[in-house]
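Residue-level structure breakdown
The primary structure of each chain is shown beneath.
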Amino acid sequence: MTSPTYRNDHPDTETIRRVLREHARLAVPVSTVADSDDLYQRGMTSLASVTVMLALEDAFDIEFADRLLRKSTFSSIRAIQAAVDEMRAVAP
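The structure reproduced in this document is the subject of the present report. Values in this document were obtained by computation on a predicted structure and should not be read as measured data.

As for the packing of aromatic side chains
In the structure shown here, the tally under the stated rule is one aromatic pair. Relative to Phe74, the ring of Phe64 lies with its centre 5.2 Å away and its plane at 80°, an arrangement referred to as edge-to-face. Of this pair, Phe64 sits in the loop between α2 (46-60) and α3 (77-90) while Phe74 sits in the loop between α2 and α3, and the two are ten residues apart along the sequence. Judged by its relative accessible area of 3%, Phe64 is buried. Among the residues examined, Phe74 registers a relative accessible area of 4% and is labelled buried.

Describing the pattern of salt bridges
The tally for this structure, following the rule as stated, stands at five salt bridges. A salt bridge links Asp12 to Arg88, with the nearest nitrogen and oxygen atoms 2.8 Å apart. Residue Asp12 is found in the segment before α1 (13-23), and its partner Arg88 is found in helix α3; the two are separated by 76 residues along the sequence. What makes Arg88 partly exposed here is its relative accessible area of 39%. The shortest N-O distance in the salt bridge between Glu22 and Arg18 comes to 3.4 Å. A residue pair is termed a helical-turn pair when its members lie 3 or 4 positions apart in one helix, as Glu22 and Arg18 do in helix α1 at four residues. By relative accessible area, Arg18 is classed as partly exposed at 33%.

Focus: unusual backbone geometry
With phi around 55°, Arg25 is a residue other than glycine that occupies positive phi space. When you line up the elements, Arg25 lands in the loop between α1 and α2.

A few points about the packing of α1 against α2
Here α1 crosses α2 at 140°, and the two axes come no closer than 9 Å. One way to sum up the angle between α1 and α2 is to call them oblique. In this structure, α1 meets α2 at a crossing whose hand is right-handed. Facing Thr15, Ile16, Arg18, Val19, Leu20 and His23 of α1, the residues of α2 in contact are Ala48, Thr51, Val52, Ala55, Leu56, Ala59 and Phe60. Residues of the contact of α1 with α2, tallied by class, amount to nine nonpolar, three polar and one charged.

Parameters at a glance
Residues numbered from 1 in each chain as written. Predicted model: local features only at pLDDT ≥ 70, side-chain atom pairs only at ≥ 80, totals over all residues. Heavy atoms only, no water. Phe/Tyr/Trp six-rings, centres within 6.5 Å; stacked < 30°, edge-to-face > 60°. Helix = DSSP H or I, 4+ residues; strand = E, 2+ residues; numbered from the N terminus. Buried < 20%, exposed > 50% of the residue type's maximum accessible area, 1.4 Å probe, protein only. Salt bridge = Lys/Arg side-chain N within 4 Å of Asp/Glu carboxyl O. Axes fitted to C-alpha atoms, helices over the stretch in contact; angles between N-to-C directions. Parallel < 35°, antiparallel > 145°, perpendicular 65-115°, else oblique. Left-handed = near helix turned anticlockwise from the far one by under 90°. Contact = heavy atoms within 4.5 Å. Nonpolar A, V, L, I, M, F, W, Y, C, P; charged D, E, K, R; others polar.

Quick look at the structure:
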């Protein structure tokens, strides 16, 4: 039996998944993680989330606002997408 592969049509999903694959140190393949799955329950540590945050800032040429520097911002692919979208909307 094969594991399901989760994908989304949001344009940033592939970039977010690539960053997670390279930096999150999940206990499962990123391709098996649904957009709403809790990344911490999937094995990401708080230290890895900092690395993920920095890699996302580089990948999207953004800087996360201080108010977004909390665990919930990086708890799922969907939450990360919302934060990236928000930062792009306020970017000069």
